[in-house]
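Commentary on secondary and tertiary structure
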Amino acid sequence: MINPWSSSQYFDYEKLIKEFGIQRPDNYFDYFMFRRHLIFGQRGLDYLEYSIKNRIKFNAMTGLMPSGQMHLGNKLSIDQIIYFQSLGADVYIAVADLESYATRGVGFKKAREIAINEYIANYISMGLKPCKIYFQSENYDTQSLSFVLSNETNMNELKAIYGLTDSSSILHVNSPIIQAADVLHTQLKHLGGPRATIVPVGVDQDPHIRLMRDIAKRLRVYNVKVENSKISVYIKGNEDPKDKIDRAMEILAENGYESNANYEYRALYIKNSSVEDRIKIDMILVLEESAINDFAFIEPSATFQKLETGLKGGKMSSSIPDSLISLNDSGEEATRKIKHAVTGGKQTIEEQKKYGGNPDICPVFELYKYHSTDDKYVTRVYDECKGGVRMCGACKSEAAENISGMLKILAEKKDESLKKLDNYLIKRSS
Ligand code: SF4
């Protein structure tokens, strides 16, 4: 079981793919995190690819927990958000101040200060263009939608997904529902209606992704399925399905699809379809459905990034300050932490020269791999380490120089970024 509230680290990505049905990404996206397999898995990325190929608007969504400092590990989601924004995404970012209040006792005023100074200023300095950033506590849409969504799941399901027990806090019931509402509310009609919505996450968030995707499917009137390599559509509900089936057949015919209806089975079968048509047909029908269903959502897509290892090995954790580099650390502080990091190096320089180091288990190498966009440079560092040409002391100094340089740029841009907040923060919606 993957537990989003656990502090353990998940390293066996192959096992996760096999056991949890996570799919590997294809080669569609030419971005360093895909190229280097730092994004090792995905769910529903085909909706995003279809939208981009067909110039259909799509969303990118992420959240931040305003309870500590932004560090290199949680920079990776924003790197992706900025990338998807460059491809045309409308970006939404939820400040999870309700959760930080409930789980960590951070008051709303304090949460606002942390969110702006520790996170949002850095996002803007990193290159995030104007978007919609909101506070959970001020967003009527997400609060009311979470109430609606809570009717689409039950305790048995939450127990199965999260391992909840009778003594689990109700917070652990509410939290996944609010997160589902955060993501799905971006598809409400007044915000643009149903759209592919990409959510970049660490794999520890997969239970939330599975739940929100299932809930989105349950709310649909038109359920698109692959049966015998063709597409069938089933109509949910108890009332006479004739009007909905006829309307679906009409709209599909306008798009070149011929179908047979079976009113008794509440179904229509698309004759000239194949597996590849599933996304297109679903996207056609969800738009049609949004005229009659306020909660017609496209199941969200997710990318799963590998979790960057802490500088002390294991997980980056604010409870071990030297395991992570905060984006607000000074260059000197970052350098000190990197100099004290564990490595994949050998015990002595002689052994390192003779046998080479092991970059595959080295958190210092991850600083290169996760935070440099230059493929050739990262490959050179890897090869030099393996070949015994690169020594850990010099390698750490070089990594420290790179990271300090990045932190310096962020610090220099901070005041300017704070002046632009009005282009990002959306006002209270109630
Ligand atoms: S040379 Fe660099 S990459 Fe290789 S083990 Fe040492 S610190 Fe890690």
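Refer to the structure above for everything that follows.
Figured I'd write up the structure that's included with this text. Only a predicted model underlies this, so the values are computations on that prediction, with no experimental measurement involved.

Ranked by internal contacts, the top residues of the largest apolar core, which has 72 residues, are L48, F84, I93, I120 and L128. Broken down by element, the residue count for this core peaks at 9 residues, all from helix α6 (residues 108-126). Apart from residues no more than four positions distant in its own chain, F84 is found in contact with F29, F34, L48, F58, A60, A89, I198, P200 and T303. Of all hydrophobic cores here, the second largest spans 36 residues; its members include F20, V173, A302 and L307.

In this structure the tally under the stated criterion is 2 cavities of 30 Å³ or more. As for the largest cavity, its lining consists of 15 residues, and the residues nearest its centre are T343, C362, C385, C392 and C395. For the lining of the largest cavity, the secondary-structure elements that each account for two or more residues are α15 (363-371), α16 (375-386) and α17 (392-418). Looking at the lining of the largest cavity element by element, the count peaks at 3 residues for α17. Its residues assigned to classes, the lining of the largest cavity shows 8 nonpolar, 5 polar and 2 charged. In this structure, the second largest cavity encloses a volume near 30 Å³. Lining the second largest cavity we find Q187, L188, K189, G193, P194, S290, N293, D294, A296 and F297.

How each quantity is defined
- Residues numbered from 1 in each chain as written.
- Predicted model: local features only at pLDDT ≥ 70, side-chain atom pairs only at ≥ 80, totals over all residues.
- Heavy atoms only, no water.
- Core = buried A, V, L, I, M, F, W, Y, C linked by side-chain atoms within 4.5 Å.
- Buried < 20%, exposed > 50% of the residue type's maximum accessible area, 1.4 Å probe, protein only.
- Helix = DSSP H or I, 4+ residues; strand = E, 2+ residues; numbered from the N terminus.
- Contact = heavy atoms within 4.5 Å.
- 1 Å grid on protein atoms, 1.4 Å probe; cavity = no way out; pocket = protein on both sides within 12 Å on 5 of 7 lines; lining within 4 Å.
- Points joined across faces, edges and corners; volume = space filled by probe spheres on them.
- Nonpolar A, V, L, I, M, F, W, Y, C, P; charged D, E, K, R; others polar.

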